[in-house]
Amino acid sequence: MKQEIIIAGFGGQGVLSMGKILAYSGLMEGKEVTWMPSYGPEQRGGTANVTVILSDKPISSPILNEYDIAIILNQPSLDKFESKVKPGGILIYDGYGIHTPITRKDIKVYRIDAMDTATEMENPKVFNMLILGGLLKIRPMVQMGNVIKGLKKSLPERHHNLIPMNEAAILKGMEIIKEV
């Protein structure tokens, strides 16, 4: 099993932390893992993406030109990464940030209305966990128990009281993702 994933959006959407939690979850299962962030100088609002590779075998390089899965959270990221999803791959997008339709017919496309759901839940900070839940619903590459361990590893201890809320958001994300 090898999954090559790009998560891309604006800074402040939790792109890097979502990738880090996924990577830690893979480590907890004894998988080979790479986590390679890329972001501009802006802390919030600039573009950000992270490449995560989870594999049962050694990973030769963390640098990829195409991906098995692309998680796209804004229009600039769709414009940049839609063409880089491998044929037969998966593209997941948040309906809030995309204005032009996805044109590829050789990939599976899923929509998750995470921004709207986070607003309904009155907690914008769970946006990325909703997305992560959607990913794990369609491609359960790590076990939920290890995702919780990954959350504990990536969140400062003073925020561990937020783990149940994040777990609930992951489960909600599993409910709201839909194939297009």
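Structure first, text after, so check above.
None of these values were measured; they are calculated from a predicted model.

(A) Layout of the nonpolar core. Core analysis: the largest hydrophobic core is formed by 37 residues, its most contacted members being Leu22, Ile71, Ile92, Ile131, Leu132, Leu135 and Met141. Core analysis: the second largest hydrophobic core is formed by 17 residues, Ile53, Leu64, Ile72 and Phe81 among them.

(B) The packing of helix H5 (residues 144-154) against helix H6 (residues 163-176), seen in detail. Direction vectors running N to C along H5 and H6 enclose 140°, while the axes themselves pass 11 Å from each other. With respect to H6, the element H5 is oriented oblique. The handedness of the crossing between H5 and H6 comes out as right-handed. Counted together, Met144, Val147, Ile148, Leu151 and Lys152 of H5 and Ile163, Asn166, Glu167, Ile170 and Leu171 of H6 form the full contact between these two elements.

(C) Main features of the pattern of salt bridges. Evaluated as defined, the whole model comprises seven salt bridges. Among the salt bridges present, the one from Arg104 reaches Asp106, with a minimum N-O distance of 2.7 Å. With a relative accessible area of 16%, Arg104 lands in the buried category. For Asp106, a relative accessible area of 38% corresponds to the partly exposed category. Asp113 is the salt-bridge partner of Arg111, the closest N and O atoms lying 2.8 Å from each other.

(D) Main features of the pairing of strand S3 (residues 47-55). Across the nine residues of S3, eight count as buried, placing the element largely inside the fold. With eight bridges joining them, strand S2 (residues 32-39) and S3 adopt antiparallel strand pairing. Across the sheet, Glu32 pairs through a bridge with Ser55, a residue of S3.

(E) Quick look at H5. Along H5, the positions that sit buried rather than exposed are Asn146, Val147, Ile148, Gly150 and Leu151. Packing partners of the buried residues in H5 comprise helix H1 (15-28), helix H4 (127-138) and H6.

Reading the values: the criteria
- Residues numbered from 1 in each chain as written.
- Predicted model: local features only at pLDDT ≥ 70, side-chain atom pairs only at ≥ 80, totals over all residues.
- Heavy atoms only, no water.
- Core = buried A, V, L, I, M, F, W, Y, C linked by side-chain atoms within 4.5 Å.
- Buried < 20%, exposed > 50% of the residue type's maximum accessible area, 1.4 Å probe, protein only.
- Axes fitted to C-alpha atoms, helices over the stretch in contact; angles between N-to-C directions.
- Helix = DSSP H or I, 4+ residues; strand = E, 2+ residues; numbered from the N terminus.
- Parallel < 35°, antiparallel > 145°, perpendicular 65-115°, else oblique.
- Left-handed = near helix turned anticlockwise from the far one by under 90°.
- Contact = heavy atoms within 4.5 Å.
- Salt bridge = Lys/Arg side-chain N within 4 Å of Asp/Glu carboxyl O.
- Pairing = 2+ DSSP bridges.

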